[in-house]
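The chain contents come next:
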Amino acid sequence: MPTLPIYMDNNSTTRVDPRVLEAMLPFFTEHYGNAASRTHAFGWKAEEAVDLAREQVASLLAADPREIVFTSGATESNNLAIKGVAAMYRASGNHIITVQTEHKAVLDPCKRLEREGCAVTYLPVDRFGQVTPQQVADALTPRTILVSVMAANNEIGTLQPVAAIGRLCKERGVLFHTDAAQAFGKLPLDVQDIKADLVSISAHKMYGPKGVGALYVRRRQPHVRLEPLIDGGGHERGMRSGTLPVPSIVGFGAACTLCHKELAHESARLTDMRQRLLLGLQDRLDAVFLNGHPTERLPGNLNMSFAYVQGEALMMAMRNVAISSGSACTSASVEPSYVLRACGVPDDLAHASIRFGLGRFNTDDEVDFVVGEVVRTVERLRSLSPDHALARQARSGLQHSPLSQ
Ligand SMILES: *Cc1c(COP(=O)(O)O)cnc(C)c1O
């Protein structure tokens, strides 16, 4: 019997790995200097630790450490990338291309820019949540300055063809940004391979602390320039002023090194666990549907709809299992998920969806327990659902009808 409650919401946030915490602690206690203090050993020690973390983060992207700008997380990184490009490149154009299923931290900055006179194209997706490079190519205009397509979706786990889109953008001389908050640390991500100019990442999605992230900003071919959001002491080469949160940055770096070392093994293990969860549910329940792409998805993400059951009710009925219905980031609203809607999932099935986010600390025992809980709860809720009773009657009617044999 696993320890309860079980955490299976790793697309919302992850536990800080104990090894990450260990690396951070001395920077709260003994080494509390300001990394910008050049006049004493406290400052030098902090600066040295930030330099190392910058190398660790850059290494997981195959980037140069000088291309890493530390921020408060992927929300800020997305804002800096999108608003920073729009302001700096205004003379070259005002058109941005993005996708309907992006995180709000991309969509909302785009909406604000529209109010300020930019034109934004929101590309639709197929039923798996993917866009094609051709869609991007067709949307490009001489006024396009930026294409922003996420590496992996936070709700349905779908991976986008970012390498092909990046190559296309390079050929057309348009900057390419990717929100990689979900993919970073889980899947190989090389800025040379995907030809990205800007990449948003976040520590708390990959076993680091909350409140720290980074924006990768390409330095060569092209040298990307950004209008900063925050002015101040000129930290981070003027792109993001503010005293660096040294313990958090140290933790971010340590988290990157662990993900780097464990990536191949961990992604295989999570894919196996995800299959165990999927097959367990499919074997024991009828009318369950997978949302997102069957194979091109994050190793740990499983999003499913349980027909005749409200995802919200299912989630609330399972007090021992921490999961999400729809996206955690829109859970304040009762609207069906805009991501599922964009994939063409009907509203009733969108309302019946649950997101399972498997992570480093989940076990097969936990998966088996969750399968049992979900099956029991779905069966109980369905037994109370008049729609389900009707559908069952209709089905059994069909089975007994001579016409169907
Ligand atoms: C979590 C997440 C964000 C926001 O990151 P924070 O570091 O929490 O600001 C942005 N985009 C995606 C895809 C995410 O999953």
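Reference entry: report on the structure contained in this document. As a convention, each chain's residues are numbered from 1 in the sequence order in which they are written. Under the rules for a predicted model, residues below a pLDDT of 70 receive no local features and side-chain atom pairs below 80 are neither given nor counted, while totals for whole chains, interfaces and linings still include all residues. With hydrogens and water excluded, all non-hydrogen atoms of the structure serve as input to the side-chain values.

## With respect to the pattern of salt bridges
Oppositely charged side chains can form a pair if their charged atoms are brought close together.
Part 1: Salt bridges, as used here, are contacts in which a Lys or Arg side-chain nitrogen is within 4 Å of a carboxyl oxygen on Asp or Glu. Counting across every chain of the model gives 19 salt bridges.
Part 2: One salt bridge connects Arg 276 with Asp 364, and the closest N-O pair in it is separated by 3.8 Å. Taken together, the positions of Arg 276 in helix 8 (residues 246-284) and Asp 364 in helix 12 (residues 364-383) put the pair 88 residues apart, joining distant regions of the chain.
Part 3: Of the charged contacts, one joins Arg 382 and Asp 286 as a salt bridge, the two residues approaching to 3.1 Å between their closest N and O atoms. Only DSSP runs of H or I with at least four residues qualify as helices, and only runs of E with at least two residues qualify as strands; both kinds are numbered from the N terminus onward.

## Here's the deal with the site of the ligand
Part 1: The immediate surroundings of the ligand are formed by Gly 73, Ala 74, Thr 75, His 103, Met 150, Asn 154, Asp 179, Ala 181, Gln 182, Ser 202, His 204 and Lys 205.
Part 2: For the ligand, an oxygen atom lies 2.6 Å from a polar atom in the side chain of Ser 202.
Part 3: In the analysis that follows, any N or O atom pair within 3.5 Å is treated as a polar contact, provided that within protein one partner can donate a hydrogen and the other can accept it, and provided that, for residues neighboring in sequence, both atoms belong to side chains. Lys 205 places a polar side-chain atom, nitrogen or oxygen, 2.7 Å from an oxygen atom of the ligand.
Part 4: Using the Shrake-Rupley algorithm and a 1.4 Å probe, accessible areas are obtained, with residue cover drawn only from the displayed protein chains. The protein chains hide 88% of the 380 Å² of surface that the ligand would expose on its own. Note on definitions. A residue lies near a molecule or strand when any single heavy atom of the residue is within 4 Å of it.

## Quick look at the sheet that holds strand 12 (residues 353-357)
Part 1: The antiparallel open sheet is built from three strands, whose spatial order is 9-10-12. Two strands in the sheet have a free side with no partner beyond their single neighbour: strand 9 (288-291) and strand 12. The sheet shows a mean angle of 30° between the axes of neighbouring strands, taken without regard to direction.
Part 2: At least two DSSP bridges between two strands are required for those strands to pair. The pairing of strand 9 with strand 10 (residues 301-306) spans four bridges and is antiparallel. Across the sheet, Val 288 pairs through a bridge with Phe 306, a residue of strand 10.
Part 3: Contacts from helix 8 reach strand 9, strand 10 and strand 12 within the one sheet, and its direction differs from that of strand 10 by about 15°.
Part 4: Contacts between residues were defined by any pair of non-hydrogen atoms, one from each residue, lying within 4.5 Å. The convention used is that axes are lines fitted to C-alpha atoms, helices contributing only their stretch in contact, and that angles between N-to-C directions extend from 0 to 180 degrees. Of the strands in this sheet, strand 9, strand 10 and strand 12 touch helix 12, which is tilted by about 20° from strand 10.

## Re unusual backbone geometry
It is generally the case that most residues other than glycine have a negative phi and that most peptide bonds are trans.
Part 1: With omega at -5°, the peptide bond leading from Leu 4 into Pro 5 counts as cis.
Part 2: Position of Pro 5 among the secondary structure elements: in the segment before strand 1 (6-7).
Part 3: Of note, the amide linkage connecting Gln 221 to Pro 222 takes the cis form, showing an omega dihedral of -5°.
Part 4: Positive phi, close to 55°, is recorded for Ala 287, a residue that is not glycine.
Part 5: With respect to the element layout, Ala 287 can be found in the loop between helix 8 and strand 9.

Keep in mind these values describe shape, not function.
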